[in-house]
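Per-entry structural report
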Amino acid sequence: MTLFPEMITNALGTSIIGRAMEHGLIGLHAVNIRDYTLDKHKRVDDYPYGGGAGMVMQAQPICDCYQAIREEISKKQGRKARSPRVIYLTPQGQVFHQKMAEELAQEEELIFLCGHYEGIDERALELIVTDHVSIGDYVLTGGEMPAMIMIDAISRLVPGVLNNKESAEFESFQDNLLEYPQYTRPEEYEGKRVPEVLLSGHHAKIEAWRREQSILRTKERRPDLLSQAKLSEKEQEWLKRWEDVDFVL
Ligand code: ADE
């Protein structure tokens, strides 16, 4: 639900998400809230009660838009659909993270509500919103980009969306560890060589090296994540030995 549907369809219609839509793995409908206004001038916002700067999006077009979407879903499913989760993008929400993406990827239907101007009439939020979500502690001009970020992160977890099954299997944030460094040809570039172990063909050694790199990289770049990672006792001891070493990754 947005006032700028083409922003969503243009951006998400390309690349991996676009391909997934073509293959019918996911469906995306950007619905224009303005289409549901009963105002003869097609207005969707008004001045805030109590005064103050900026305009506020009115409840009526948003709630009617929501009802129309629910009816569409019921028609598609051929029965009265369970209420879908309605995610309102706002800097006041819970901060989005990978676990939330995994949980939301289990849902059959999701509705994203993108706000603009100074905000949305609180009554619309009370009536339809189930989740308030922020993508980070900064303020953007609207909820479209945050919604697209969430849609991208959630969609790539839907089976079949990524064609290389492995690429969703080990990646940044898996088990709260960052991904290990990757290299491709040539073996030497600007005097920098690919780590020898990766050329060895020794799979166990490569696995061990990658695991070490993941741990060291997380320690260096995201120590907050490392405290939640599951490390074996051996790995913890090994890590302790690094504690006083000043290293650069
Ligand atoms: N709308 C404006 N800023 C936002 C943010 N950081 N996250 C989600 N929605 C927003």
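Everything numeric here is computed off the predicted structure, so don't read it as measured data.

This brings us to the domain arrangement of the protein chain. Assigned domains within the protein chain: domain 1 (5-155) and domain 2 (170-249). Here domain 1 and domain 2 have C-alpha centroids that lie 38 Å from each other.

Scanning the entire structure with this criterion turns up 13 salt bridges. The partner of R82 in a salt bridge is E107, with the nearest N and O atoms 3.8 Å apart. Separated by 25 residues along the polypeptide, R82 in the loop between α3 (59-77) and β3 (85-95) and E107 in the loop between α4 (98-104) and β4 (110-113) bring together distant segments of the chain. Residue class for E107 comes out partly exposed when judged on its relative accessible area of 25%. The shortest N-O distance in the salt bridge between D224 and R222 comes to 2.8 Å. Judged by relative accessible area, which is 40%, D224 ranks as partly exposed. When its relative accessible area of 29% is taken as the criterion, R222 is described as partly exposed. Residues participating in the shared-partner salt-bridge network are R82, R85, E103, E107 and D131.

Right, let's get into the sheet that holds strand β1 (residues 45-46). Strand order across the open sheet formed by 3 strands is β1-β2-β5, with mixed pairing between neighbours. Each having just a single partner strand, β1 and β5 (119-120) make up the two edges of the open sheet.

With respect to spatial proximity, the complete set of residues near the ligand consists of L89, T90, P91, V133, S134, I135, G136, Y138, V139, L140, G142 and P146. Here a nitrogen atom of the ligand sits 3.1 Å away from a polar atom, N or O, in the main chain of T90. In this structure, G136 approaches the ligand through a main-chain N or O atom, which is 3.1 Å from a nitrogen atom. Mapped by element, the contributors of at least two residues to the shell around the ligand are β3 and β6 (131-134). For the shell around the ligand, the element with the most residues is β3, which contributes 3 residues. Taken together, the residues of the shell around the ligand break down into 8 nonpolar, 4 polar and no charged.

So, how was this worked out
Residues numbered from 1 in each chain as written. Predicted model: local features only at pLDDT ≥ 70, side-chain atom pairs only at ≥ 80, totals over all residues. Heavy atoms only, no water. Domains from an automatic or database assignment. Salt bridge = Lys/Arg side-chain N within 4 Å of Asp/Glu carboxyl O. Helix = DSSP H or I, 4+ residues; strand = E, 2+ residues; numbered from the N terminus. Buried < 20%, exposed > 50% of the residue type's maximum accessible area, 1.4 Å probe, protein only. Pairing = 2+ DSSP bridges. Near = heavy atom within 4 Å. Polar contact = N/O pair within 3.5 Å; in protein donor to acceptor, adjacent residues only side chain to side chain. Nonpolar A, V, L, I, M, F, W, Y, C, P; charged D, E, K, R; others polar.

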